[in-house]
Amino acid sequence: MADINEYGGGQGPNAEVLVVTTNDIPGFRVDHVIGEVFGLTVRSRHIGSQIGAGLKSLIGGELKGLTKTLVESRNEAMERLVEQAKARGGNAVLMMRFDVTAAADVGTEVCAYGTAAVISPTT
């Protein structure tokens, strides 16, 4: 079984900026909406993984090299999203989403985006 950190992502338990895919966060109120933030990365495809992917596509199965590259790209985009939210004074990102597109047949563009906000615990 693959190491979860190799094919996973997301935040640790003590993140400075809470990132969620929901509008609301139970136990918190939104004090101020800052606005849209995003993190973007474009990764080129490694020629070795392209050849391997081409061969693998003939017989079927997961393209593990490309999966790992996409996970790394998503994590990098999310780190940049969090940095932008912090730089604008936010401590949360609501409605976070990923968008992935091909970039002119030379790579993959990954964009993490959401709404930066200031939240505080409800009492």
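**Here we look at the pairing of strand β4 (residues 107-121)**
Along any regular strand, the residues point their side chains to alternate faces of the sheet.
So, point 1. Pairing between strand β2 (residues 28-44) and β4: 15 bridges, direction antiparallel. Across the sheet, the residue bridging to F28 is P121, located in β4.
So, point 2. Here strand β3 (residues 92-103) pairs with β4 via 10 bridges, running antiparallel. Within β4, the position partnered with D99 by the bridge is C111.
So, point 3. The hairpin turn running from β3 into β4, its antiparallel successor, is three residues long, and A104 in that turn takes a positive phi close to 55°.

**Regarding the nonpolar core**
Side chains of nonpolar character tend, in soluble globular proteins, to be buried together.
So, point 1. Judged by nonpolar contacts, the single largest core of 13 residues is most densely connected at V17, V19, V37, L81, A85, V93 and M96.
So, point 2. Of all the secondary-structure elements, those providing two or more residues to this core are α3 (64-87), β3 and β4.
So, point 3. Top contributing element to this core by residue count: α3, with five residues.
So, point 4. With residues near it in sequence (within four places) discarded, V93 still touches V17, L18, V19, V20, V37, L81, A85, G114, T115 and A116.
So, point 5. Counting residues in hydrophobic clusters, the runner-up holds six residues, among them V20, I25, A92 and I119.

**Quick look at the sheet that holds β2**
So, point 1. The sheet built from four strands is open, its strands ordered β1-β3-β4-β2 with mixed pairing. The sheet is open, and its two borders are formed by β1 (18-19) and β2, each paired with just one other strand.
So, point 2. Contacts from α3 reach β1, β2, β3 and β4, with the element oriented near 140° to β2.

Conventions and cut-offs
Residues numbered from 1 in each chain as written. Predicted model: local features only at pLDDT ≥ 70, side-chain atom pairs only at ≥ 80, totals over all residues. Heavy atoms only, no water. Pairing = 2+ DSSP bridges. Helix = DSSP H or I, 4+ residues; strand = E, 2+ residues; numbered from the N terminus. Core = buried A, V, L, I, M, F, W, Y, C linked by side-chain atoms within 4.5 Å. Buried < 20%, exposed > 50% of the residue type's maximum accessible area, 1.4 Å probe, protein only. Contact = heavy atoms within 4.5 Å. Axes fitted to C-alpha atoms, helices over the stretch in contact; angles between N-to-C directions.

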